[in-house]
Amino acid sequence: MPHFAYRSRNAGGQLVEGVLEGASTAAVAELLSGRGLVPVDIRETRAQAQGKAESAIDLFKPKVGHIDLLLFSRQMHTLMKAGVPILRALAGLQDSSTNPAMKEVIRAIREDLEGGRELSVALARHPKVFSRFYVSMVRVGETTGMLEDVFLRLFEHLDFERFMREQVKSALRYPMFVVIAMAIAIVIINIFVIPAFAKVFKGFGAELPLMTRILIGFSDFMVAWWPAMLAGLILGIVVFRAWVATPRGRYDWEALALRIPVAGKIVRKAGLARFARSFALGIKSGVPVMQALSNSAQTVDNSYLARHIERMRESVERGESVLRAAIGVGIFTPVVLQMVAVGEESGSLDDMMEEVGQLYQREVEYELKTLGAQIEPILIVALGILVLILALGVFLPMWDLGSAAFGRK
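Bear in mind that the values here come from a model prediction, so they are computed numbers and not experimental data.

1. A look at the overall build of the chain
Part 1 of the reasoning: Assigned secondary structure in the chain consists of 17 helices and 3 strands.
Part 2 of the reasoning: The contacts of the chain with a sequence gap of at least 6 include a subset with a gap of at least 24, amounting to 60%.
Part 3 of the reasoning: Only carbon and sulfur atoms are counted for the fraction: they give 63% of the accessible area of the chain, which is about 23,100 Å².

2. Let's talk about a nonpolar patch on the surface
Part 1 of the reasoning: Where nonpolar side chains cluster on the molecular surface, the patch consists of Leu172, Met176, Ile180, Ile184, Ile188, Phe192 and Val193 and spans about 640 Å² of accessible area.
Part 2 of the reasoning: Summarising the element assignment, Ile180 is placed in helix H8 (residues 147–204).
Part 3 of the reasoning: A relative accessible area of 46% means that Ile180 is categorised as partly exposed.

3. Some points on the pattern of salt bridges
Part 1 of the reasoning: As enumerated under the stated definition, the model contains 16 salt bridges in all.
Part 2 of the reasoning: Close ionic contact of Arg117 with Asp112 constitutes a salt bridge, the shortest N to O distance being 3.3 Å.
Part 3 of the reasoning: Taken together, the shared-partner salt bridges in this structure form one network comprising Lys265, Lys269, Glu363 and Glu367.

4. Regarding helix H7 (residues 132–144)
Part 1 of the reasoning: Between its first and last C-alpha, H7 extends 18 Å over 13 residues, near the 18 Å set by a 1.5 Å rise per residue.
Part 2 of the reasoning: When we look at burial in H7, the residues that qualify are Phe133, Tyr134, Val135, Ser136, Met137, Val138, Val140 and Gly141.
Part 3 of the reasoning: Gly145 sits one or two residues past H7 and shows a positive phi near 75°.

5. Side note on the packing of aromatic side chains
Within a pair of aromatic rings, the relevant descriptors are the distance that separates the centres and the angle that separates the planes.
Part 1 of the reasoning: One pass over the structure, following the stated rule, counts 8 aromatic pairs.
Part 2 of the reasoning: For the pair Phe240 and Trp243, a centre-to-centre distance of 6.1 Å together with 50° between the ring planes defines the contact as tilted. In this pair, Phe240 and Trp243 are both assigned in helix H9 (residues 210–245), 3 residues apart and thus about one turn of the helix distant.
Part 3 of the reasoning: The class of Trp243 is partly exposed, set by a relative accessible area of 37%.
Part 4 of the reasoning: Ring centres of Phe275 and Phe279 lie 5.7 Å apart, and the angle between their planes is 10°; on these two criteria the pair is classed as stacked. A residue pair is termed a helical-turn pair when its members lie 3 or 4 positions apart in one helix, as Phe275 and Phe279 do in helix H11 (residues 263–284) at 4 residues. An identical accessibility class is assigned to Phe275 and Phe279; each is buried.
Part 5 of the reasoning: Among the aromatic side chains, those forming a connected cluster through ring pairs are Phe72, Phe130, Tyr134 and Phe151.

6. A word on the nonpolar core
Part 1 of the reasoning: Formed by 81 residues in total, the largest nonpolar core has its most connected members in Phe72, Phe130, Tyr134, Phe151 and Phe332.
Part 2 of the reasoning: Per element, the largest residue contribution to this core is 12 residues, and it comes from H8.
Part 3 of the reasoning: Look past the residues within four positions of Phe130 in its chain and what remains in contact with it is Leu69, Phe72, Val105, Ile109, Leu123 and Val135.
Part 4 of the reasoning: Ile194, Leu215, Leu386 and Leu390 belong to the second-largest nonpolar core, a separate cluster that totals 8 residues.

7. A short note on helix H5 (residues 100–114)
Part 1 of the reasoning: The end-to-end C-alpha distance of H5 is 21 Å, a good match for the 21 Å that 15 residues give at a rise of 1.5 Å each.
Part 2 of the reasoning: Most of H5 sits out of view: 11 of its 15 residues are buried.
Part 3 of the reasoning: Those residues of H5 that sit buried are Ala101, Met102, Val105, Ile106, Arg107, Ala108, Ile109, Glu111, Asp112, Leu113 and Glu114.
Part 4 of the reasoning: Where H5 begins, one side-chain oxygen reaches toward the backbone nitrogen of Ala101, 2.9 Å away; that side chain belongs to Asn99.

8. Points about the side chain of Asn302
Part 1 of the reasoning: As for its position among the elements, Asn302 is in the loop between helix H12 (289–297) and helix H13 (303–317).
Part 2 of the reasoning: Here the side chain of Asn302 touches Glu254 through a polar contact of 3.5 Å, landing on its backbone oxygen.
Part 3 of the reasoning: Here Asn302 is in contact with Glu254, Leu258 and Val267, once residues within four sequence places are set aside.

9. So, the confidence of the model for the chain
Segments scoring low in pLDDT should not have their predicted coordinates read at a detailed level.
Part 1 of the reasoning: Summarising the model, the chain shows a mean pLDDT of 79, and 87% of its residues fall at 70 or more.
Part 2 of the reasoning: When pLDDT is averaged over each element of the chain, helix H3 (residues 66–81) comes out on top at 90 and helix H2 (residues 47–56) at the bottom at 44.
Part 3 of the reasoning: Here residues 47–59 is a poorly scored stretch, pLDDT under 50, and it has 6 contacts once near neighbours within four places are set aside; other chains count.
Part 4 of the reasoning: Counting contacts from residues 404–409, a segment whose pLDDT is below 50, to residues more than four positions away or on other chains yields 0 contacts.

10. Structural notes on the packing of H11 against H12
Part 1 of the reasoning: Running from N to C, H11 and H12 cross one another at 145°; their axes reach a closest spacing of 9 Å. Regarding H11 and H12, the two cross each other, and that crossing is right-handed. Of H12, the residues touching H11 (which contributes Phe275, Ser278, Phe279 and Ile283) are Val289, Ala292, Leu293 and Ser296.
Part 2 of the reasoning: Split into classes, the residues belonging to the contact of H11 with H12 amount to 6 nonpolar, 2 polar and no charged.

So, how was this worked out
Residues numbered from 1 in each chain as written. Predicted model: local features only at pLDDT ≥ 70, side-chain atom pairs only at ≥ 80, totals over all residues. Heavy atoms only, no water. Helix = DSSP H or I, 4+ residues; strand = E, 2+ residues; numbered from the N terminus. Contact = heavy atoms within 4.5 Å. Areas by Shrake-Rupley, 256 points an atom, 1.4 Å probe, with all protein chains shown as cover. Patch = residues over 30% accessible without salt bridge, like charges linked within 9 Å, V, L, I, M, F, W, Y side chains within 5 Å. Salt bridge = Lys/Arg side-chain N within 4 Å of Asp/Glu carboxyl O. Buried < 20%, exposed > 50% of the residue type's maximum accessible area, 1.4 Å probe, protein only. Expected span 1.5 Å × (residues − 1). Phe/Tyr/Trp six-rings, centres within 6.5 Å; stacked < 30°, edge-to-face > 60°. Core = buried A, V, L, I, M, F, W, Y, C linked by side-chain atoms within 4.5 Å. Polar contact = N/O pair within 3.5 Å; in protein donor to acceptor, adjacent residues only side chain to side chain. pLDDT = per-residue confidence, 0-100. Axes fitted to C-alpha atoms, helices over the stretch in contact; angles between N-to-C directions. Left-handed = near helix turned anticlockwise from the far one by under 90°. Nonpolar A, V, L, I, M, F, W, Y, C, P; charged D, E, K, R; others polar.

Structure (structure tokens):
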């Protein structure tokens, strides 16, 4: 459909400009009227052609990142605390934003607010930027009159999530580098090094040890079939990504990821830390327990844990206490369950869940600090086995031939 640039006026008489997609000028005028705007001028624009060009290079198009949302939340809290009206605050953020994608999102939010929509509704129209949890918190802030406090809590929550993700990535960077380097070394040795030794060994005319024959056979297989192996690897990655993209595939993979030695327990504790912090934040902001559980399930970044938290919500809906629901899902430690019991009995469940979040966060930080020490022995053993296999396969024939030569003398 074509795009139309419009100029209109809102209920306060202020001039509003923008670009909309529609079948005709009449359709755009009707859309503007539905937003509470009075059209002044509507003209077809070349934005459609530009849109096609942008879609062709969508991979290079800037997107709204986590840091953009983090800054948006902090700046909204600061501006609203200073008494700046929302529309003027959004206008200032739109002008100061350095990310074109975020600038466009803020512009769309402004237009929706000028059209009479609530802020939470305007945010919900951008689900790729603002999560259900984020929108729910803003909606609670609107109804309770604590919107500026909600934005501050959202900033703290997003900052906590960013910290957790960066810590996990930094901890896994070294082991992944070592594994990739070992894989590259195996490929180079089998394609270039072992074939050179195989020619020398064949010139001896002697029977080779079993380990050497296995290494030469595997090397010959890689040299002959490396295109098929490369194609199979690429196909496997594509199939894996397609499988993980399905709800069932993602659930199964993320459930398996929690059972991976060393890394699995870190992923589990990081997800539960995010859940506990977001659940505490929801309760403190006045969100009902069942809605807070449902919203918090969206923040754990693991569909397996999210499903168990949804089961927890279903148990609470049936009338069970939060403690019994938490025991039923079986993903919390006894210490955490004890803190939930105390919080529910004393009426300070939000404070206790905040403590649970901090407890898991401290455990994750400790696990990440010691991750290198936990993985290093595994990598050393794997590297030692690799070197041992290569040494036996390459040097045993030389040793046998040398022993035979000295024996003849």
